[in-house]
Amino acid sequence: MPTARRPRQARAIETRRRVYEAAVAEFERSGVEAARIEDIVAAAGVSWGTFFTYFPSKDDVVLEAAIVTCAAFADACRKGLAAGSGTGVIVGNAFAALRRAAPAPGPLRDAIMRGIANQPERLSDHLGEDVPNPVLALAEVLEAGQRRGDVAAGEPPESLAAVLVHATIAAGQREAAMERAAGATERSGLPLTVLTVKLLLRGMRPDPEPGDPREVALERAAAALREAAEPDGPRIP
């Protein structure tokens, strides 16, 4: 699938900026799905063809908006690693940076978070070589934690990072939906998101001593899930 085109000439750069800003404004007003291309191009003063030249789909606008968010996350990871901070501190600071850099709560923010969690390949293609996607940035943090011994070494760091990013974003979206349903006018202290990060990081600590009852129970649960995933295995109700 084609990705957003990045022009080099000043006039084309300015045109692309107008299209992008008009699209972002329409997304925030109407939502990504409901936004109409005709309204975007009218606001930008360009043709339909110009829009699709720079942004082959509305998703490409969302991924463009995700660049600032992803850059803030990656920068927090790099700074934490350079400072020699612990894994939990780096992870907490990185997600805090992501939250601060994202647009205000609304349709565009929701779409960006879905894109980060659900379209990692397209996101990486869009970000290019300058900015790693959050999973890759966090994988470096967890790999360093494995070398230090505060993260269990039995799983690939990129797999651990994918779980952590996806679960944390999902928790944040669920939390925001709960707040909207309750009519909240301000964001909460993010108790669900914070709890998700804490629980996952605890689960990534080095394995306990053999025979620990809690570990035995977890292994039994994992075995049941693996069995249920087999083609002829039992189904979990």
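Q: What's the story with the pattern of salt bridges in this structure? I'm lost.
A: Close approach of charged atoms allows side chains of opposite charge to pair. Following the criterion strictly, the structure yields twelve salt bridges and no others. For R17, the salt bridge is made with E14, and the minimal N-O distance between the two is 2.3 Å. Of this pair, R17 and E14 both sit in helix 1 (residues 10–30), three residues apart, roughly one helical turn. Relative accessible area serves as the criterion here: at 35%, R17 is assigned to the partly exposed category.

Q: Sorry if this is basic, but what is going on with helix 9 (residues 157–181) here?
A: In an α-helix, one full turn covers 3.6 residues, which means residues spaced three or four apart are oriented alike. With 25 residues, helix 9 should reach 36 Å at 1.5 Å per residue; the first-to-last C-alpha distance of 36 Å fits that figure. Of all the residues in helix 9, the buried ones are P157, L160, A161, L164, V165, T168, I169, A171, G172, E175, A176 and E179.

Q: In this structure, what is going on with the environment of E38? I would like to understand it.
A: Here E38 shows up in helix 2 (residues 37–44). Taking the relative accessible area as the measure of exposure, E38 reaches 33% and is therefore partly exposed. Separated by ten residues in the primary sequence, E38 and W48 place their C-alpha atoms 7.2 Å from one another.

Q: Explain the nonpolar core here, please?
A: For soluble globular proteins, nonpolar side chains are generally found buried alongside one another. Counting 57 residues, the largest nonpolar core has F27, F51, F73, V91, F95, I116 and L138 as its most contacted members. Element by element, the count of residues in this core is highest for helix 4 (residues 58–83), at ten residues. Setting aside residues up to four positions removed in sequence, I116 forms contacts with T69, C70, L98, L123, P134, V165 and I169.

Reading the values: rules and limits
- Residues numbered from 1 in each chain as written.
- Predicted model: local features only at pLDDT ≥ 70, side-chain atom pairs only at ≥ 80, totals over all residues.
- Heavy atoms only, no water.
- Salt bridge = Lys/Arg side-chain N within 4 Å of Asp/Glu carboxyl O.
- Helix = DSSP H or I, 4+ residues; strand = E, 2+ residues; numbered from the N terminus.
- Buried < 20%, exposed > 50% of the residue type's maximum accessible area, 1.4 Å probe, protein only.
- Expected span 1.5 Å × (residues − 1).
- Core = buried A, V, L, I, M, F, W, Y, C linked by side-chain atoms within 4.5 Å.
- Contact = heavy atoms within 4.5 Å.

All quantities given are derived from atomic positions and should not be read as evidence of function.
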